[in-house]
Amino acid sequence: MTKEEEVGMLEKESVISKETEHERFKTEFLNDYFERLNVSINEPDWNVLILQAMSFKEFNDCKALLDMLEDEEYVKKYRYHLDTKFNEMIDWFLKVKLEIYTRPLPPYASENRKVCLLDLYMGVKREGGHRMVTENNLWAKIAKEIGFEYSEGEYI
């Protein structure tokens, strides 16, 4: 073996040895480090980002939100964000489409208790809609479901 071949062989072994050290560092330190970080917990929830970015400029925006409310499990999981967006949607509709500026949002029932419009909507939807609730006199039941007394059903 010539001196040049010998130097080449030593250089090759050095490179291989460094790659092995690099791989060991990667597996022993970096992989453990990232597993301890539990990066998946810190990833953004796209549903939350979508809800936060949602705005109301036309009826299709309202329909998009109402379509999200079809899945009760989704509503339970993202309740806080959906409640906020639902109130924003109602506010937009009252002001922009109906030009009503005097209705307070959120609405309040007796004894200054807040009515959660999302809960009200979901309860009425579960019972078949406004017409069915009214025809079957279910407002007291809806009131009870959303945290009020039966007697307050006529105010809901």
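Now for a description of the structure that goes with this document. Just so it is clear, the model here is predicted, and its values are computed rather than measured.

Below, the discussion takes up unusual backbone geometry. For the bond running from Leu-105 to Pro-106, omega is 0 degrees, close enough to zero to count as cis. Tracing the backbone shows Pro-106 in the loop between α6 (79-97) and α7 (117-126). With a phi angle near 55 degrees, Glu-99 is a residue other than glycine that sits in the positive phi range. Tracing the backbone shows Glu-99 in the loop between α6 and α7. Of note in the backbone geometry, Asn-137 takes a positive phi value of approximately 50 degrees without being a glycine. Mapped onto the fold, Asn-137 is located in the loop between α8 (130-135) and α9 (139-145). Overall, Asn-137 belongs to the exposed group, its relative accessible area being 64%.

Further remarks concern the side chain of Lys-85. Along the chain, Lys-85 turns up in helix α6. Of the residues examined, Lys-85 reaches a relative accessible area of 6% and is grouped as buried. One polar contact links the side chain of Lys-85 to the main-chain carbonyl oxygen of Leu-51, over a distance of 3.4 Å. Ignoring anything within four residues of it in the chain, the contact list for Lys-85 reads Leu-51, Gln-52, Met-54, Phe-56 and Leu-65.

Our focus in this paragraph is the packing of aromatic side chains. Under the definition given, this model contains four aromatic pairs. Between the aromatic rings of Phe-59 and Trp-92, the centroid separation amounts to 6.1 Å while the plane-to-plane angle is 85 degrees, which identifies the pairing as edge-to-face. Of this pair, Phe-59 sits in helix α4 (residues 59-68) while Trp-92 is found in helix α6, placing the two residues 33 residues apart along the sequence. With centroids separated by 5.3 Å and ring planes inclined at 45 degrees, the aromatic side chains of Phe-86 and Tyr-121 adopt a geometry described as tilted. Of this pair, Phe-86 sits in helix α6 while Tyr-121 sits in helix α7, and the two are 35 residues apart along the sequence. Judged by its relative accessible area of 4%, Phe-86 falls in the buried class. What makes Tyr-121 partly exposed here is its relative accessible area of 26%. Three or more aromatic residues joined by ring pairs form one cluster here, namely Phe-59, Trp-92 and Phe-93.

Rules and cut-offs
- Starting from 1, residues in each chain are numbered consecutively following that chain's sequence as written.
- At least 70 in pLDDT is required for a residue's local features to be given in this predicted model, at least 80 for side-chain atom pairs to be given and counted, and no such filter applies to totals for whole chains, interfaces and linings, which use all residues.
- Where side-chain values are given, they derive from all heavy atoms of the structure, hydrogens and water being excluded.
- Only DSSP runs of H or I covering at least 4 residues are called helices, and only runs of E covering at least 2 are called strands; the numbering of each starts at the N terminus.
- Remark: exposure states derive from per-residue accessible area (1.4 Å probe, protein chains only) relative to the maximum for the residue type, with buried under 20%, exposed over 50%, and partly exposed in between.
- Throughout this description, a polar contact denotes any pair of N or O atoms lying within 3.5 Å of each other; where both atoms belong to protein, one of them has to be capable of donating a hydrogen while the other can accept it, and for residues adjacent in sequence the pair is counted only when both atoms sit in side chains.
- Contact definition: two residues touch when any of their heavy atoms are within 4.5 Å.
- Paired rings are identified among Phe, Tyr and Trp, the last through its six-membered ring, by centres lying within 6.5 Å, and are further divided according to the angle between planes into stacked (under 30 degrees), edge-to-face (over 60) and tilted (the rest).

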